[in-house]
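These are the residues of each chain, in order.
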Amino acid sequence: LRAGSLFGTPPPTAGGSSLSAAAAAAAMLTRRSGSTLWVGGGYARAGSTTSLGDGQAMHASVSADKWCVTKSDLRCLRKDVRRAISQGVIRPTETDQFDPADTTCGPTIYTVNEQYIKPVTAAAGNMSWALMRHPDGLECDLFVTHAWSE
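These lines cover the structure that appears in this document, whether it is placed above or below.

1. Observations regarding the overall build of the chain
Move 1: Along the backbone of the chain there are five helices and three strands.
Move 2: Put simply, the chain has 150 residues, and 35% of those count as buried.
Move 3: Pairs at least 24 apart in sequence give 72% of the contacts found in the chain among residues at least 6 apart.
Move 4: Roughly 8,600 Å² of accessible area belongs to the chain as shown, and the carbon and sulfur atoms make up 53% of that amount.

Quick look at the structure:
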């Protein structure tokens with residue numbers, strides 16, 4: 001997630017923890033945000049007809065063209081990443097030596113994916129981050145492609 005002014009002011013540090021990265025990342029998400037609530041196995045969205053916990057079933061039942069996120073979801077991810085850095089869940093690596101104190105330029109998406117997204121989605125039932133956020137999927141009105149290696 002390298003971008004100018006991405007991180008803003010870091011949140012307060014929560015202190016040390018002996019939790020695994022997956023447990024620490026999942027524990028961070030015990031908050032309510034709008035109509036989304038982290039509940040014992042994953043996100044639940046008000047009015048959703050799909051229960052979380054079985055990523056394979058979700059991916060089979062929700063068409064791939066609905067595996068979408070919103071701008072608000074990306075803002076939430078930015079805040080979650082900022083919090084994960086301050087709590088030591090996301091740490092610099094040999095290949096990504098970002099400065100945790102730098103509020104302008106943070107970790108690469110490779111680091112965020114390995115240290116945050118994969119553990120959180122695994123704890124929620126092995127679905128994609130998009131389906132974890134929106135279990136019934138979303139209509140896509142803008143498609144943006146990416147190549148992480150650029």
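2. What to know about unusual backbone geometry
Move 1: Phi angles above zero are rare outside glycine, and N126 is one such case at about 70°.
Move 2: Within the secondary structure, N126 is located in the loop between α4 (109-124) and α5 (129-133).

3. With respect to the pattern of salt bridges
Move 1: If you walk through the whole model with that rule in mind, you get four salt bridges.
Move 2: For D80, the salt bridge is made with R83, and the minimal N-O distance between the two is 3.2 Å. Note that D80 and R83 are positioned in helix α3 (residues 71-86) at a spacing of three residues, about one turn of the helix.
Move 3: For D80, a relative accessible area of 1% translates into the label buried.

What counts and how
Residues numbered from 1 in each chain as written. Predicted model: local features only at pLDDT ≥ 70, side-chain atom pairs only at ≥ 80, totals over all residues. Heavy atoms only, no water. Helix = DSSP H or I, 4+ residues; strand = E, 2+ residues; numbered from the N terminus. Buried < 20%, exposed > 50% of the residue type's maximum accessible area, 1.4 Å probe, protein only. Contact = heavy atoms within 4.5 Å. Areas by Shrake-Rupley, 256 points an atom, 1.4 Å probe, with all protein chains shown as cover. Salt bridge = Lys/Arg side-chain N within 4 Å of Asp/Glu carboxyl O.

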